[in-house]
Amino acid sequence: MKTQFSPSYLLALTRLLFFIVGSLQTLPVQAKNYFADNSEEGCMSHFNLNVPAIIPAPMTCTLTPPPTTIVSVATGQCGAIVFFPPVMASQDCGPVTETPPNGSYFPVGNHTVTATDGTTTVTFQVWVVDQEPPIVTGPADMVINLAPHECGRVVNYSVTASDNCAPGTIVQTSGLPTGSTFPVGTTTSCFETSDPSGNNGSYCFDVTVHANPNPDPAPDCTISGNTQICPGGSTQLCAPAGHASYQWTTGQTTTCITVNYTGYFGLQVTTPGRCRNTCTVQVTTPTQPDTDGDGIPDACDPTLSVCSSIDILLAMIQASNLSNGLKNALSAKLNAAKNSYQNGNNTPTINQLNAFINQVLAQSGNGIPTALANQWIASAQAIIAAIQNGNTNCTTSQGLIASNSNGNFMTATAENNHFKVAPNPVHDDLSITWQHQMPGAGSIQIMDLTGRQFHQEVLTMGQQSCQISVAELPTGLYLIQVVSEGKMLAVEKFVKQ
C-alpha cells in the first residue's frame with residue numbers, strides 16, 4: 001500500500017528541508033519521485049522533488065612547531081647534527097614530515113625547518129652557533145744584539161691564522177711589518193683576525209734590539225752642489241755615494257737630484273747596517289753685487305760684462321787698506337783672468353779666478369778682513385758662474401781701473417774721462433761730476449767695500465753731474481760707480497766722516 005500525503009503537507013516538509021540544508025555543507029542533490037493520493041478529489045498526484053544529500057563538515061589538522069633550537073658546535077667543528085623536539089599534531093592530521101629531517105647535519109648559521117602533513121604546513125628555526133675563536137700564530141719574542149756598524153736589524157717573520165670554520169684577514173694593529181728595520185729598543189707587533197661568526201683572535205710578540213756599546217760614527221750626509229740658482233735655472237744636489245738608500249724631501253730616492261726652485265731640501269741616508277743620518281741644504285737666489293745696475297745679480301745676468309765685473313774687483317782691491325804687496329798679487333791674478341777672457345780663453349780665465357779666490361781665502365781674517373774676503377770671493381764666483389753659463393760679454397770702453405795723482409781711482413780711457421767726487425772726505429752732501437755726457441740712461445750706485453749697496457739713483461742721457469746726501473751713511477770707506485747701458489763708466493772711492 002502506498003503512503004499518500006496531501007500537497008500542503010509536502011510543501012511544509014519541503015520548506016523544513018531547505019532550512020536544514022542551508023545550515024549544512026551540501027553535496028550534489030539526489031532526485032526522488034514522490035506520489036500523493038488526493039483521495040478527496042479521487043486522483044493520484046505525481047511530482048519530482050530534488051533533496052540535497054547532507055554530510056558532516058570535515059575536521060581541520062593543527063600542527064604546533066617546537067621553539068627555536070639552539071646548538072653550539074663542538075671544538076674544531078663548523079656544524080652539528082641536530083635533534084629538535086617533534087612537531088605536535090592534532091588527531092585529524094596525517095603523517096608529518098620535516099625538511100631537513102630531524103637528526104640532520106646543520107652547518108653554522110640560522111636554518112628554517114618545514115613540517116607538513118600534506119594539508120597543513122608550519123616552520124621553525126634551528127640555530128647552530130660557533131663560539132670558538134680563531135687562533136693567530138706568530139714568532140716567539142726576539143732579542144737582537146747589534147754589531148758596531150748597525151743601527152737596526154731587518155726582521156722577517158710569518159703570522160698565520162686558523163679557525164674551525166674560516167679565519168678572516170689578518171690585520172696588524174701595532175708594530176712593524178715583516179721585512180722592516182727594527183730600531184734599538186723594544187717593538188711590540190700585534191695582529192688580530194675574526195671569523196664569520198664574529199669571534200676574534202689575536203697574537204703579539206716583542207722584538208728587543210740592543211745597541212752596540214761601540215757604534216760607528218753617523219753616516220756622512222753632506223749635500224754637495226751649487227746652492228744658488230738664477231730665476232729659470234736649476235742646480236744639481238748630490239749626496240755621498242756608497243749608502244744603501246737615499247730619501248729626499250722631494251720624494252726622490254736617487255743619489256743626486258736636480259732642483260729648479262729655491263727653498264730647503266732635506267735628505268736621509270741609510271747605510272747597509274741601517275744607520276741613518278739627515279741633513280738639509282738651502283738653495284737661494286744669488287745675492288752678489290749688481291755690477292751693471294740692471295737689477296739682476298751678476299751670477300744670473302746674461303748681459304753681465306765679465307770684464308767690467310773684474311774691473312770692479314780691481315777697484316775694490318786698490319781702494320782697500322791692504323798692503324801694496326797683497327794688492328799687487330791679487331790684481332795680477334785678476335788682470336791675467338781678464339786678458340785670458342778677452343782672448344776667448346775661458347779655461348785659463350776660470351783658473352786665474354780660482355787662484356784669486358784661493359789667495360783671498362788664505363788671507364781671510366789675516367791680511368784681508370773676513371767680511372771683505374767673503375764678498376770678493378762671492379764676486380769672483382759670480383764671474384765664474386757667468387762664464388760657465390755661456391756669458392761672452394766683455395763690453396768695456398773704459399779700460400782698467402788706475403790710480404790718479406791724487407790717490408783716487410778712475411777709469412783710464414782714451415778720452416781721459418775724469419770723474420770727480422767732492423768733498424772727499426764728506427759729511428753730508430756729495431757732488432759727483434764727469435767730463436762727458438751720459439751716452440744713455442744709467443745709474444749711479446754707492447756701495448761699501450764688501451759690495452753691499454747703500455744707494456742707487458737713476459741717471460738720464462746727457463747728464464754730467466748729480467748730488468747725493470750721504471748724511472745717513474755710517475762712517476767708513478765707500479765706492480761710487482756710474483753705469484750706463486750695461487757698461488761701467490767709472491769707479492771712485494770716498495770717505496764718509
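Residues numbered from 1 in each chain as written. Predicted model: local features only at pLDDT ≥ 70, side-chain atom pairs only at ≥ 80, totals over all residues. Heavy atoms only, no water.

S.K.: Give me the overall build of the protein chain: which residues, what numbers.
M.R.: Assigned secondary structure in the protein chain consists of 5 helices and 32 strands. The buried share among the 497 residues of the protein chain stands at 38%. Long-range contacts, defined as pairs at least 24 residues apart, comprise 55% of the intrachain contacts of the protein chain with a sequence gap of at least 6. With an accessible surface of roughly 26200 Å², the protein chain has 53% of that area assigned to carbon and sulfur atoms. (Helix = DSSP H or I, 4+ residues; strand = E, 2+ residues; numbered from the N terminus. Buried < 20%, exposed > 50% of the residue type's maximum accessible area, 1.4 Å probe, protein only. Contact = heavy atoms within 4.5 Å. Areas by Shrake-Rupley, 256 points an atom, 1.4 Å probe, with all protein chains shown as cover.)

S.K.: Could you give an account of the packing of aromatic side chains, naming the residues involved and the relevant values?
M.R.: Summed over the entire model, instances satisfying the criterion amount to 8 aromatic pairs. An angle of 70 degrees between the planes, with centres 6.0 Å apart, marks the rings of Y157 and F191 as edge-to-face. Of this pair, Y157 sits in the loop between β13 (152–155) and β14 (160–162) while F191 is found in strand β17 (residues 185–194), placing the two residues 34 residues apart along the sequence. Both residues of the pair, Y157 and F191, count as buried. On the basis of an interplanar angle of 20 degrees and a centroid distance of 5.6 Å, the ring pair of Y478 and F494 is categorised as stacked. Pair noted here: Y478 is in strand β31 (residues 476–484) and F494 is in strand β32 (residues 487–496), with a separation of 16 residues, a long-range link. Looking at Y478, the relative accessible area reads 3%, which means it is buried. An aromatic cluster of three or more residues is present, and its members are Y157, F191, Y203 and F205. (Phe/Tyr/Trp six-rings, centres within 6.5 Å; stacked < 30°, edge-to-face > 60°.)

S.K.: Go over the state of the cysteines, please, and point to the residues and values.
M.R.: Under the criterion given, the structure shown has 6 disulfides. At a sulfur-sulfur separation of 1.6 Å, the disulfide partner of C61 is C93. Given an S-S torsion of about 105 degrees, the disulfide between C61 and C93 has right-handed geometry. In this pair, C61 is assigned in the loop between β2 (43–54) and β3 (63–64) and C93 in the loop between β6 (88–89) and β7 (97–99), connecting sequence segments 32 residues apart. Assigned by exposure class, C61 and C93 land together as buried. (Disulfide = S-S within 2.5 Å.)

S.K.: Describe the nonpolar core, with residues and values.
M.R.: Nonpolar side chains in soluble globular proteins generally cluster together in the buried interior. If you look at the biggest cluster of nonpolar residues, it comprises 33 residues, and the most contacted ones within it are L330, L334, F356, V360, I368 and W376. Among the elements of the structure, α2 (306–319), α3 (324–342), α4 (346–363) and α5 (370–388) are those that each provide at least two residues to this core. With 10 residues, the single largest contributor to this core is α2. Leaving out residues up to four positions away in the same chain, I368 has contacts with L322, L326, L330, V360, Q363, A373 and W376. Ranked by size, the runner-up nonpolar core spans 20 residues in total, among them V426, L473, V482 and F494. (Core = buried A, V, L, I, M, F, W, Y, C linked by side-chain atoms within 4.5 Å.)

S.K.: So what's going on with the side chain of E150? Residues and values would help.
M.R.: Tracing the backbone shows E150 in the loop between β12 (142–145) and β13. Accessibility expressed as a relative area gives 13% for E150, which makes it buried. At 2.9 Å, the side chain of E150 forms a polar contact with the side chain of R153. Excluding its chain neighbours within four sequence positions, the residues that come into contact with E150 are G273 and C275. (Polar contact = N/O pair within 3.5 Å; in protein donor to acceptor, adjacent residues only side chain to side chain.)

S.K.: Pulling in residues and values, what's your account of the sheet that holds strand β22 (residues 263–270)?
M.R.: Pairing in this open sheet of 3 strands is antiparallel, and the strands run β20-β22-β23 from one edge to the other. Unpaired on one side and paired on the other, β20 (245–248) and β23 (276–283) mark the two borders of the sheet. Across the sheet, the mean angle separating the axes of adjacent strands is 20 degrees when strand polarity is ignored. (Pairing = 2+ DSSP bridges. Axes fitted to C-alpha atoms, helices over the stretch in contact; angles between N-to-C directions.)

S.K.: Any chance you could break down the pattern of salt bridges for me, citing the residues and the numbers?
M.R.: Taken as a whole, this structure holds 1 salt bridge when the rule is applied. Residue R153 pairs with E150 through a salt bridge whose shortest N-O separation is 2.9 Å. (Salt bridge = Lys/Arg side-chain N within 4 Å of Asp/Glu carboxyl O.)

S.K.: Any details on α3? Residues and values, ideally.
M.R.: Between the first and last C-alpha of α3 there are 26 Å, a value that for 19 residues agrees with the 27 Å anticipated at 1.5 Å per step. Buried residues of α3: L326, K327, L330, S331, L334, A337, K338, S340 and Y341, and no others. Buried residues belonging to α3 abut α2, α4 and α5. At the exit of α3 stands G344, carrying a positive phi of roughly 80 degrees. (Expected span 1.5 Å × (residues − 1).)

S.K.: An account of the packing of α4 against α5 is needed here, citing residue identities and associated values.
M.R.: Across the interface, α4 lies against α5 with an axial gap of 9 Å and an inter-helix angle of 165 degrees. Judged by the angle between their axes, α4 and α5 are roughly antiparallel. The crossing of α4 and α5 is left-handed. Contact residues: N346, T349, I350, L353, N354, F356, I357, V360 and L361 in α4; A373, W376, I377, A380, Q381, I383, I384, I387 and Q388 in α5. Residues of the contact of α4 with α5, tallied by class, amount to 13 nonpolar, 5 polar and no charged. (Parallel < 35°, antiparallel > 145°, perpendicular 65-115°, else oblique. Left-handed = near helix turned anticlockwise from the far one by under 90°. Nonpolar A, V, L, I, M, F, W, Y, C, P; charged D, E, K, R; others polar.)

S.K.: How would you explain the sheet that holds strand β18 (residues 200–210) if you had to name every residue and give the values?
M.R.: Judged by pairing direction, the sheet is mixed, and its 4 strands sit side by side in the order β12-β18-β17-β15 without closing on themselves. The strands lining the two open edges of the sheet, one partner per strand, are β12 and β15 (171–174). Going from strand to strand, the sheet's axes swing by 25 degrees on average, the running direction of each strand aside. Examined bridge by bridge, β17 and β18 share 10 bridges and lie antiparallel to one another. Paired with S189 across the strands is F205, a residue of β18.

S.K.: Account for the side chain of S189, with residues named and values stated.
M.R.: For S189, the position within the fold is in strand β17. Take S189: its relative accessible area is 0%, and that puts it in the buried class. Polar contacts involving the side chain of S189 include one to the main-chain amide nitrogen of L176, which spans 3.3 Å.

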